[in-house]
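Spelled out, the chains give:
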There are 2 protein chains.
Amino acid sequence: MAHLTIGSLIFDELDQVDLTGPHEVLSRLPDSSYAIYGKSLAPARDMRGLRILPDATIAEAPQLDVLHIPGGFGVDAQMVDPEIIAWIRRQAEGAKLVFTVCTGALLLGATGLLKGRRATTHWASHHILPSFGAVPVRERVVEDGKFVTAAGVTSGFDGALQVAARLRGQAVAEGIQLYMQYDPHPPFQAGTPESAPPEVVHATRVAMAGVIGRREEMARRIGAALT
Amino acid sequence: MAHLTIGSLIFDELDQVDLTGPHEVLSRLPDSSYAIYGKSLAPARDMRGLRILPDATIAEAPQLDVLHIPGGFGVDAQMVDPEIIAWIRRQAEGAKLVFTVCTGALLLGATGLLKGRRATTHWASHHILPSFGAVPVRERVVEDGKFVTAAGVTSGFDGALQVAARLRGQAVAEGIQLYMQYDPHPPFQAGTPESAPPEVVHATRVAMAGVIGRREEMARRIGAALT
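Residues numbered from 1 in each chain as written. Chains lettered and ligands numbered in written order. Predicted model: local features only at pLDDT ≥ 70, side-chain atom pairs only at ≥ 80, totals over all residues. Heavy atoms only, no water.

Details of the relation of the copies chain A and chain B
No. 1: Taken as rigid bodies, chain A and chain B are interconverted by a rotation of 180° and an axial shift of 0.0 Å, the fit giving an RMSD of 0.0 Å. Considering both components of the superposition, the chain copies are consistent with a two-fold axis. Of the C-alpha atoms belonging to chain A, the one lying closest to the rotation axis is found on A:Ile52, 2.3 Å away.
No. 2: The overlap is high: 100% of the interface residues of chain A also sit at the interface in chain B, so the same surface is used on both sides. (Least-squares fit on C-alpha atoms with pLDDT ≥ 70 in both. Contact = heavy atoms within 4.5 Å.)

A few points about the pattern of salt bridges
No. 1: One pass over the structure, following the stated rule, counts 20 salt bridges over all chains.
No. 2: The salt bridge partner of A:Glu83 is A:Lys39, with a shortest N-O separation of 3.6 Å. A residue pair is termed long-range when its members are at least 10 positions apart, and A:Glu83 in helix 3 (residues 82–94) and A:Lys39 in the loop between strand 2 (32–38) and strand 3 (44–45) qualify at 44 residues.
No. 3: Residue class for A:Lys39 comes out partly exposed when judged on its relative accessible area of 41%.
No. 4: Residue B:Lys96 pairs with B:Asp65 through a salt bridge whose shortest N-O separation is 2.9 Å. Of the two residues, B:Lys96 is situated in the loop between helix 3 (82–94) and strand 7 (97–101) and B:Asp65 in the loop between strand 5 (56–57) and strand 6 (66–69); the sequence distance between them amounts to 31 residues.
No. 5: By relative accessible area, which is 13% here, B:Asp65 ends up buried.
No. 6: Each member of the salt-bridge network shares a partner with another, and the members are A:Asp15, B:Glu24 and B:Arg28. (Salt bridge = Lys/Arg side-chain N within 4 Å of Asp/Glu carboxyl O. Helix = DSSP H or I, 4+ residues; strand = E, 2+ residues; numbered from the N terminus. Buried < 20%, exposed > 50% of the residue type's maximum accessible area, 1.4 Å probe, protein only.)

Considering the packing of helix 1 (residues 16–26) of chain B against helix 5 (residues 155–168) of chain B
Residue and element names in this part refer to chain B.
No. 1: Two elements in contact, helix 1 and helix 5, have axes separated by 8 Å at closest approach and are oriented at 30°. For the element pair helix 1 and helix 5, the recorded crossing hand is right-handed. Between helix 1 and helix 5, the contacting residues are Val 17, Gly 21, Pro 22, Val 25 and Leu 26 on the first element and Gly 156, Phe 157, Ala 160, Leu 161, Val 163 and Ala 164 on the second. (Axes fitted to C-alpha atoms, helices over the stretch in contact; angles between N-to-C directions. Left-handed = near helix turned anticlockwise from the far one by under 90°.)

Describing the packing of aromatic side chains
No. 1: For the structure shown, the criterion picks out 5 aromatic pairs over all chains.
No. 2: Ring geometry for A:Tyr37 versus A:Trp87: centroids 6.3 Å apart, planes at 50°, classification tilted. Taken together, the residues A:Tyr37 in strand 2 and A:Trp87 in helix 3 connect sequence positions 50 residues apart. This pair shows no difference in class: A:Tyr37 is buried, exactly as A:Trp87 is.
No. 3: Through successive ring pairs, a cluster of aromatic residues spans A:Phe157, A:Tyr182, B:Phe157 and B:Tyr182. (Phe/Tyr/Trp six-rings, centres within 6.5 Å; stacked < 30°, edge-to-face > 60°.)

Things to note about the interface of chain A and chain B
No. 1: Taken residue by residue, the interface counts 61 residues in chain A and 61 residues in chain B.
No. 2: Summing both sides of the interface, chain A and chain B together bury roughly 5400 Å²; the carbon and sulfur share of this comes to 61%.
No. 3: A per-residue breakdown of the area chain A buries against chain B is headed by A:Leu178, A:Gln181 and A:Phe188, which together make up 15% of the total.
No. 4: Run the count over chain A and chain B and you get 4 salt bridges.
No. 5: B:Asp55 is the salt-bridge partner of A:Arg51, the closest N and O atoms lying 3.9 Å from each other.
No. 6: The interface formed by chain A and chain B holds 37 residue pairs in polar contact (both at pLDDT 80 or more) in total.
No. 7: Among the elements of the structure, helix 1 (16–26), strand 4 (51–52), helix 5 (155–168), helix 6 (170–179) and helix 7 (198–226) of chain A are those that each provide at least two residues to the side of chain A that touches chain B.
No. 8: Split into classes, the residues belonging to the side of chain A that touches chain B amount to 32 nonpolar, 18 polar and 11 charged. (Buried area = accessible area lost by both parts, 1.4 Å probe. Polar contact = N/O pair within 3.5 Å; in protein donor to acceptor, adjacent residues only side chain to side chain. Nonpolar A, V, L, I, M, F, W, Y, C, P; charged D, E, K, R; others polar.)

Description of the sheet that holds strand 2 (residues 32–38) of chain B
All names here are of chain B.
No. 1: Strand order across the open sheet formed by 7 strands is 5-2-1-6-7-11-10, with mixed pairing between neighbours. Here the strands that pair on one side only, and so sit at the sheet edges, are strand 5 and strand 10 (141–144).
No. 2: The pairing of strand 1 (residues 4–9) with strand 6 spans 3 bridges and is parallel. Note that in strand 6 the partner of Ile 6 across the bridge is Val 66.
No. 3: Along the sheet face, helix 1 touches strand 1, strand 2, strand 6 and strand 7 and points at about 165° away from the line of strand 2.
No. 4: On the sheet, helix 5 packs against strand 1, strand 6, strand 7, strand 10 and strand 11 (147–150) and is oriented at approximately 170° with respect to strand 7. (Pairing = 2+ DSSP bridges.)

Some points on the environment of A:Pro22
All names here are of chain A.
No. 1: With respect to the helices, strands and loops of the structure, Pro 22 is situated in helix 1.
No. 2: Judged by its relative accessible area of 0%, Pro 22 falls in the buried class.
No. 3: As for Pro 22 and Glu 199, which are separated by 177 residues in sequence, their C-alpha atoms are 31 Å apart.

Considerations on the sheet that holds strand 2 of chain A
Residue and element names in this part refer to chain A.
No. 1: Pairing within the open sheet is mixed, and its 7 strands lie in the order 5-2-1-6-7-11-10. Each having just a single partner strand, strand 5 (56–57) and strand 10 (141–144) make up the two edges of the open sheet.
No. 2: With 6 bridges joining them, strand 1 (residues 4–9) and strand 2 adopt parallel strand pairing. The residue bridging Ser 8 from the neighbouring strand is Ile 36, located in strand 2.
No. 3: The strands that helix 1 touches are strand 1, strand 2, strand 6 (66–69) and strand 7 (97–101); relative to strand 2, the one it contacts most, it runs at about 165°.
No. 4: In this fold helix 5 packs onto strand 1, strand 6, strand 7, strand 10 and strand 11 (147–150), with an angle of close to 170° to the strand it touches most, strand 7.

Structural notes on unusual backbone geometry
No. 1: Positive phi, close to 35°, is recorded for A:Val153, a residue that is not glycine.
No. 2: Turning to its location among the elements, A:Val153 is positioned in the loop between strand 11 and helix 5.
No. 3: A relative accessible area of 0% means that A:Val153 is categorised as buried.
No. 4: Notably, B:Gln181 is not glycine yet its phi reads approximately 45°, a positive angle.

Overview of helix 6 (residues 170–179) of chain B
No. 1: Counting buried positions along helix 6 of chain B yields 7 of 10 residues, so the element is predominantly enclosed.
No. 2: Turning to helix 6 of chain B, its buried residues number three or more, namely B:Ala173, B:Glu174, B:Gly175, B:Ile176, B:Gln177, B:Leu178 and B:Tyr179.
No. 3: Tucked inside the fold, the buried residues of helix 6 of chain B contact helix 7 of chain A together with helix 1 and helix 5 of chain B.
No. 4: Where helix 6 of chain B ends, the next residue or the one after it, B:Gln181, has phi of about 45°, a positive value.

Structure below.
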């Protein structure tokens, strides 16, 4: 069993569970190391203010075996940062496995590497995937070759367990699932636009409309430059 | 609707998802503020190395309306820290709602406030609850008056959504659930000792035996001093 070097990218205005969910799983893989990489060593502030410290800068990162990319409103700024995009593209090309959570898929898409690949992302941004040439799939976790994409926020747990099983076998994934008592019982049925009450879906869409509108335009522009 | 002051305790060797899961939900409640309190302003390092910054020290905390206590191996050191125990007891006595995740219930138990109360905690420490006079209940989330206790690690999402609904109504909780796309599909059936393969349960129990043994002894000693 070869040692695995696993790393997550971190940036301001990420959604912290896109990072912390997979961290809970991937930091527990046997014979592996896990680190968080930021553009600087400054703490990254999530969308709601949680401050997480990177372990090292992206410039210090070795070639990773497993690259994990979280999402959140902050992906928009990252998609137009040439240093970040170049780092993701280079790392993703050399990695054995690339795992995105939530709108981390858009950030990966902005590198051009999702062209012709089946992928998923947060439900509110799902229609943006084709701007990058990706084939949108309405599933919670989508695997296409070495690319594993998970849907919104909490889907990172399901995706990370699949990644864990792929890298270290099902028994290892099950041991981590048992440790973290991942036997979810959501008290309400509202986890998707299809299952949530229509008025809740409407209010959430309205609240996100500004962000999504700007992101659509940005993705079209970036996507056009990729072709 | 009265403003809510919500706060989480943070400490070294916590399990970060015990904190970050509820943070995702509770930091999104309308008309509320949320902060993380540490014994100092130094970053707290989770069991697997994730470093999170407190927003303020426990000495600076106002009386909280909602007190959230995470767990993890680090609870053992906190249970015998008189400053931490006094802070939790004082805050919990004045709070409208106290919410523990994972072995955060043991930390609350060490204050004496769970005596005669129905409660739950991580499956591997569930049998320790009676040392503090608590009534152990094998459910994922247990509510007894103002005390809400959730089972291991990822159960904090389910517990936090129940807390959100209780404080701000079901539609608010559903909106947060939809945003974070909490429609879990664990790829394996291994989230509890009852559902996981026996060999996985055995290996996990063996790996945790040292920690649990020391914790049993410590809890007996603390519990005896409470009576």
